[in-house]
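Listed here are the chains, written in short residue letters.
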Amino acid sequence: MNETDKNENHDRIHDDRYDVVVVGGGAAGLSAALVLGRARLRTLVVDAGEPRNAPSSHMQGYLSRDGMSPAEFLALGREEIARYGVELVRDRVTEVSRDGDFTVVRDAGRPVRARRLIVATGLKDELPEVPGVAERFGRDVLHCPFCHGWEVRDEPFGVLASSAMSVHQALMVSQWSKDVTFFLHRVAEDELSDQDLRRLAAAGVDVVPGEVAELVTEDDRLTGVRLADGTTHARSVLFAGPRPVPQTGLLERLGAELNETPFGAYPVVDQTGLTTVPGVWAAGNAIGFGEQVVHAASGGYRAAAAIVGDLLMSDLDAAVSG
Ligand SMILES: Cc1cc2nc3c(=O)[nH]c(=O)nc-3n(C[C@H](O)[C@H](O)[C@H](O)COP(=O)(O)OP(=O)(O)OC[C@H]3O[C@@H](n4cnc5c(N)ncnc54)[C@H](O)[C@@H]3O)c2cc1C
């Protein structure tokens, strides 16, 4: 190998090695990347570009960003991380393995290496299979009253049961409207406890048994919920509980311990988001169903700050031991 080849080879290897690779460029991943970039760590964000709240045109409850579109929020985040030299590519990580460093394999780009890893891959919402629900999700079919409740306050709400746990959703949304109909759909009435029924009555929630057949719309707006028996209930908002599917495949393959919850299996993490796999942190919806945007951003920050300390101490210890 001549001198030029050697240099090129060295550059290529050097180019492929990052201090940190962040998998996922939503609120959690970008927030982590901002902290890592500002701490002068060589950081790559690999993002497949499918953030969970993409179906919604506005994002609420993030102080100072209330009402901003999710796309604009992320575009601003990408601009901010670029100021600190963080690289971001649109790609999907398909495999990660460890051999000293981590090797991160991507769908399109060549593999890269990383000393530390943040998994901020979010979760997917598996929607109930009722005609109209998927098309209207994030518009007038909603899942989270904290995200959308204010905007639809006092409207006639429906709540589509997916299990007896949906009682909680029916009760919660009554904070935003006193006109709530709870459609039991495929849940039998006797699955509800006496306490459920008493609370629903106290909240003024109408309980309607029977399978929901489809949503009724007019001029691209929800106007009603039609049951299998043909009756239609006029409603302009429907709350539904999607089944959360955590995107934890990479973590599982790395051997991370997961914890079963009623909302899926999430990695066991410490307060900084460190998983049970040394060198691998997780943040955002990848660690929990209830992580709203502000929590996800905060989790990314915590993970990044922990990594900055971890890398520094490991370099110092290596220097001390010669
Ligand atoms: C309809 C809707 C409305 C919502 N409204 C609000 C709201 O108003 N306020 C609020 O606080 N929260 C809201 N949420 C919740 C919000 O979406 C989440 O809190 C937030 O998206 C979590 O951020 P995250 O970074 O963990 O995940 P995400 O934003 O989902 O980002 C994860 C990213 O990782 C990428 N990714 C996944 N796997 C890979 C891989 N293997 N390789 C590379 N990239 C990968 C994804 O494509 C995605 O871009 C809403 C959710 C929904 C469904």
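Residues numbered from 1 in each chain as written. Predicted model: local features only at pLDDT ≥ 70, side-chain atom pairs only at ≥ 80, totals over all residues. Heavy atoms only, no water.

A. Molecular detail of the domain arrangement of the chain. Domain assignment breaks the chain into domain 1 (12–125 + 243–321) and domain 2 (128–240). Averaged C-alpha coordinates put domain 1 and domain 2 at centres separated by 34 Å. On the side of domain 2, 10 residues touch domain 1, which itself brings nine residues to the contact. Where domain 1 abuts domain 2, roughly 710 Å² becomes buried across the two surfaces, and 59% of that area is made up of carbon and sulfur atoms. Looking only at domain 1, the three residues that lose the most surface to domain 2 are Pro55, Gln60 and Gln292, adding up to 49% of its buried area. For the pair domain 1 and domain 2, the number of links is zero salt bridges. Where domain 1 packs against domain 2, one counts one residue pair in polar contact (both at pLDDT 80 or more). (Domains from an automatic or database assignment. Contact = heavy atoms within 4.5 Å. Buried area = accessible area lost by both parts, 1.4 Å probe. Salt bridge = Lys/Arg side-chain N within 4 Å of Asp/Glu carboxyl O. Polar contact = N/O pair within 3.5 Å; in protein donor to acceptor, adjacent residues only side chain to side chain.)

B. Highlighting the packing of helix 2 (residues 27–38) against helix 3 (residues 70–82). The contact between helix 2 and helix 3 brings their axes to 9 Å, and the two run at 20°. With respect to helix 3, the element helix 2 is oriented roughly parallel. Considering the relative orientation of helix 2 and helix 3, their crossing is left-handed. Contacts from Ala27, Leu30, Ala33 and Leu34 of helix 2 reach helix 3 at Phe73, Leu74, Gly77, Arg78, Glu80 and Ile81. Residue composition of the contact of helix 2 with helix 3, by class: seven nonpolar, one polar and two charged. (Axes fitted to C-alpha atoms, helices over the stretch in contact; angles between N-to-C directions. Helix = DSSP H or I, 4+ residues; strand = E, 2+ residues; numbered from the N terminus. Parallel < 35°, antiparallel > 145°, perpendicular 65-115°, else oblique. Left-handed = near helix turned anticlockwise from the far one by under 90°. Nonpolar A, V, L, I, M, F, W, Y, C, P; charged D, E, K, R; others polar.)

C. Expanded view of the pattern of salt bridges. The final tally for this structure, using the stated rule, is 18 salt bridges. Where Arg243 meets Glu126, a salt bridge forms, and the shortest distance between an N and an O atom there is 3.1 Å. Of this pair, Arg243 sits in strand 16 (residues 243–246) while Glu126 sits in strand 7 (residues 123–126), and the two are 117 residues apart along the sequence. For Glu126, a relative accessible area of 40% puts it in the partly exposed group. Each member of the salt-bridge network shares a partner with another, and the members are Arg136, Arg139, Asp140 and Asp220. (Buried < 20%, exposed > 50% of the residue type's maximum accessible area, 1.4 Å probe, protein only.)

D. Inspection of the state of the cysteines at higher detail. Counting across every chain of the model gives one disulfide. The disulfide partner of Cys144 is Cys147, and the gap between their sulfur atoms is 2.4 Å. Measuring handedness by torsion sign, the sulfur bridge of Cys144 and Cys147 sits at about 85° and is right-handed. Like Cys144, the residue Cys147 is buried in the burial classification. (Disulfide = S-S within 2.5 Å.)

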